[in-house]
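Chain by chain, the residues run as shown.
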Amino acid sequence: ADAIDPAQTDDDFPQKLFGSKLYTGNGGTNAISGLGFAPDVVWGKSRSNAENHFLADTSHGTGKDIIPDLAAAQQTENGVTAFGTDGWSMGSVYNANNYTYGSWSWRLNGGTEVSNSDGGIASTVQVDPSGGFSLVRYSGTGSASTVGHGLSSAPTWIFAKRYDASSSWVAYTTFMTGSYYMTLDAGGMGADSTIWNNTNSTSSVFSVGSGGASNGGSMTAFCWADVEGYIKSGSYEGNGAVDGTFVYTGFRPAFIICKSIDSGTSWQLFDDKRVGYNVDNNSFLVDTNAAEATTNMIDILSNGFKLRIATDPNIAETYIYL
């Protein structure tokens, strides 16, 4: 048999591209290790206390973060102080003594960005080895145009944010029929808008309209495309029953984010570590700073997830999920 190329195995191995990690704050310097790869994007949230989400990445550098549950501009603070080969280090911020935290990390290109001229607006991109996740930076013009995303196929999910000023996060997914955006830092229904120029993404670019994702200033977009065995997005219909809807992904999910497009319910976020067994998989609300909810809501299964609650995220409405 042919020898296995370890580098290729890492590139094709989901656990070397994404991981959930728990840690306890110490109020000082805190080295978080055991992730199994070098992260380029770290998103975290206190489980035990009301505290904002944080998101840091290697394109913008250490000591800087953005807050998923707020429209605020990028913060310069003592949060993520270093990105390592097996994790990252925290300063005093988002590291309060004895607070417990959940986190989600993605691998990209080791902090190295490349120029992309596929769109009408020039961009710089970091793309993970699977070709399914990218971080895109570009200057918004306030006018309709296109932006190169660097992925191997058309992104099905995008979260975009102006970093240098207060401006809401805008969300795109191909599964919102008749609706082209939602707001990550707030609840609310999906709504028709010119934010994504009423145009679906392609294998090379995503479209932006006259505001939101093309807001003047420094823009960043996080883009996901489906990759077999690693990334799956779609929609499901809630049934309002404890014996809830089953959603097939084709693999055991380690991270699930979902939202109704029909009502103003919150974005829900689950992972395979909090606490990691069925039916006790705890939820964060992405658009608030609340501590995690411990209500039993979902089973995480070998080939997808199943709702186990009669209320959100299983109301008899249409949901999108990643």
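Residues numbered from 1 in each chain as written. Predicted model: local features only at pLDDT ≥ 70, side-chain atom pairs only at ≥ 80, totals over all residues. Heavy atoms only, no water.

Draft legend 1. The arrangement of the layout of surface pockets in detail. Approximately 530 Å³ is the volume attributed to the largest pocket. Lining of the largest pocket is provided by 25 residues; of these, F18, Y230, P253, A254 and F255 occupy positions nearest its centre. Elements with a minimum of two residues in the lining of the largest pocket: strand 1 (18–24) and strand 21 (255–260). In terms of residues, the lining of the largest pocket owes the most to one element, strand 1, which gives 3 residues. Its residues assigned to classes, the lining of the largest pocket shows 15 nonpolar, 6 polar and 4 charged. (1 Å grid on protein atoms, 1.4 Å probe; cavity = no way out; pocket = protein on both sides within 12 Å on 5 of 7 lines; lining within 4 Å. Points joined across faces, edges and corners; volume = space filled by probe spheres on them. Helix = DSSP H or I, 4+ residues; strand = E, 2+ residues; numbered from the N terminus. Nonpolar A, V, L, I, M, F, W, Y, C, P; charged D, E, K, R; others polar.)

Draft legend 2. The arrangement of the sheet that holds strand 9 (residues 100–106) in detail. Spatially, 1-9-3-4 is the arrangement adopted by the 4 strands of the open sheet, whose pairing is antiparallel. Where the open sheet ends on each side, the last strands, each with one partner, are strand 1 and strand 4 (54–57). On average, each strand axis in the sheet is inclined to that of its neighbour by 20°, with strand direction left out of account. Bridge analysis of strand 3 (residues 41–46) against strand 9 gives 6 bridges, and the strand direction is antiparallel. The partner of V41 across the bridge, within strand 9, is W106. (Pairing = 2+ DSSP bridges. Axes fitted to C-alpha atoms, helices over the stretch in contact; angles between N-to-C directions.)

Draft legend 3. Structural detail: the nonpolar core. Counting 32 residues, the largest nonpolar core has W43, W106, F159, F222, W224, I257 and W267 as its most contacted members. When contributions to this core are tallied by element, the ones reaching two or more residues are strand 3, strand 9, strand 12 (133–140), strand 14 (157–162), strand 18 (217–224) and strand 21. Ignoring sequence-local partners within four residues, the contact set of W43 consists of H53, F54, L55, P68, G102, S103, W104, W106, F255, I257, L269 and V286. Counting residues in each nonpolar core, the second largest holds 19 residues, with I121, V125, V208 and A213 among its members. (Core = buried A, V, L, I, M, F, W, Y, C linked by side-chain atoms within 4.5 Å. Buried < 20%, exposed > 50% of the residue type's maximum accessible area, 1.4 Å probe, protein only. Contact = heavy atoms within 4.5 Å.)

Draft legend 4. Structural context of the sheet that holds strand 7 (residues 80–83). Strands sit in the order 2-8-7 across an open sheet of 3 strands; the sheet is antiparallel. Looking at strand neighbours, the two that pair on one side only are strand 2 (30–32) and strand 7, the edges of this open sheet. Mean inter-strand twist for the sheet, computed between neighbouring axes without regard to direction, equals 20°. Relative to strand 8 (residues 88–90), strand 2 is paired through 3 bridges, and the arrangement is antiparallel. Considered in strand 8, the bridge of N30 is made with M90.

Draft legend 5. Inspection of the pattern of salt bridges at higher detail. Per the counting criterion, the structure on display carries 10 salt bridges. The partner of R162 in a salt bridge is D164, and the shortest N-O contact between them spans 2.7 Å. You can call D164 partly exposed: its relative accessible area is 42%. A salt bridge links D272 to K273, with the nearest nitrogen and oxygen atoms 3.5 Å apart. For K273, a relative accessible area of 36% puts it in the partly exposed group. (Salt bridge = Lys/Arg side-chain N within 4 Å of Asp/Glu carboxyl O.)

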